[in-house]
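Single-letter residue listing:
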Amino acid sequence: MTGVRNARVQVAVRQAELPMLRAYRLWHEHTRKCADGCKNVRKAQDGCAGGQELWAAYRRAYAGGAR
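Quantities reported herein were computed from a predicted structural model and do not represent experimental measurements.

Some words on the side chain of threonine 31
- Following the sequence through the fold, threonine 31 ends up in helix H2 (residues 19–33).
- Overall, the relative accessible area of 12% leaves threonine 31 in the buried class.
- Here threonine 31 is in contact with Cys38 and Lys39, once residues within four sequence places are set aside.

A closer look at helix H3 (residues 49–62)
- Here H3 contains 14 residues, and its C-alpha end-to-end distance of 20 Å stays within 8% of the 20 Å for a straight helix at 1.5 Å per residue.
- Downstream of H3 by one or two residues, glycine 64 has phi in the positive range, about 85°.

Quick look at the pattern of salt bridges
- Applying the stated criterion across every chain, the model contains two salt bridges.
- Residue arginine 25 pairs with glutamate 17 through a salt bridge whose shortest N-O separation is 3.0 Å.
- One salt bridge in this structure joins arginine 25 and glutamate 29, with 3.3 Å as the shortest N-O distance. Of this pair, arginine 25 and glutamate 29 are both found in helix H2, four residues apart, which corresponds to roughly one turn of the helix.
- Given the relative accessible area of 18%, arginine 25 is considered buried.

Looking at the packing of aromatic side chains
- Applying the stated criterion across every chain yields a total of five aromatic pairs.
- Through pairs of rings, three or more aromatic residues link up here, namely Tyr24, Trp27, Trp55, Tyr58 and Tyr62.

Brief notes about the environment of alanine 57
- Along the chain, alanine 57 falls in helix H3.
- Residues alanine 57 and arginine 22, spaced 35 residues apart in sequence, show a C-alpha to C-alpha distance of 9.9 Å.

Reading the values: the criteria
- Residues numbered from 1 in each chain as written.
- Predicted model: local features only at pLDDT ≥ 70, side-chain atom pairs only at ≥ 80, totals over all residues.
- Heavy atoms only, no water.
- Helix = DSSP H or I, 4+ residues; strand = E, 2+ residues; numbered from the N terminus.
- Buried < 20%, exposed > 50% of the residue type's maximum accessible area, 1.4 Å probe, protein only.
- Contact = heavy atoms within 4.5 Å.
- Expected span 1.5 Å × (residues − 1).
- Salt bridge = Lys/Arg side-chain N within 4 Å of Asp/Glu carboxyl O.
- Phe/Tyr/Trp six-rings, centres within 6.5 Å; stacked < 30°, edge-to-face > 60°.

Such coordinate-based values are descriptive only and should not be taken to indicate function.
Structure follows, in structure tokens:
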């Protein structure tokens, strides 16, 4: 029963996740798994095209969508 309850809590947390934190989480998960070069770069701008797009989405969310 605890496993089902824990899964429901995680779903509720994901639904309540702030757009900025969601964008950062998606970018971070991408960089950990990316085989195209995002894994070992020092700047997000130096990663692959997908990583750059995720970073740009994070920056827009961080700025409040104004950019």
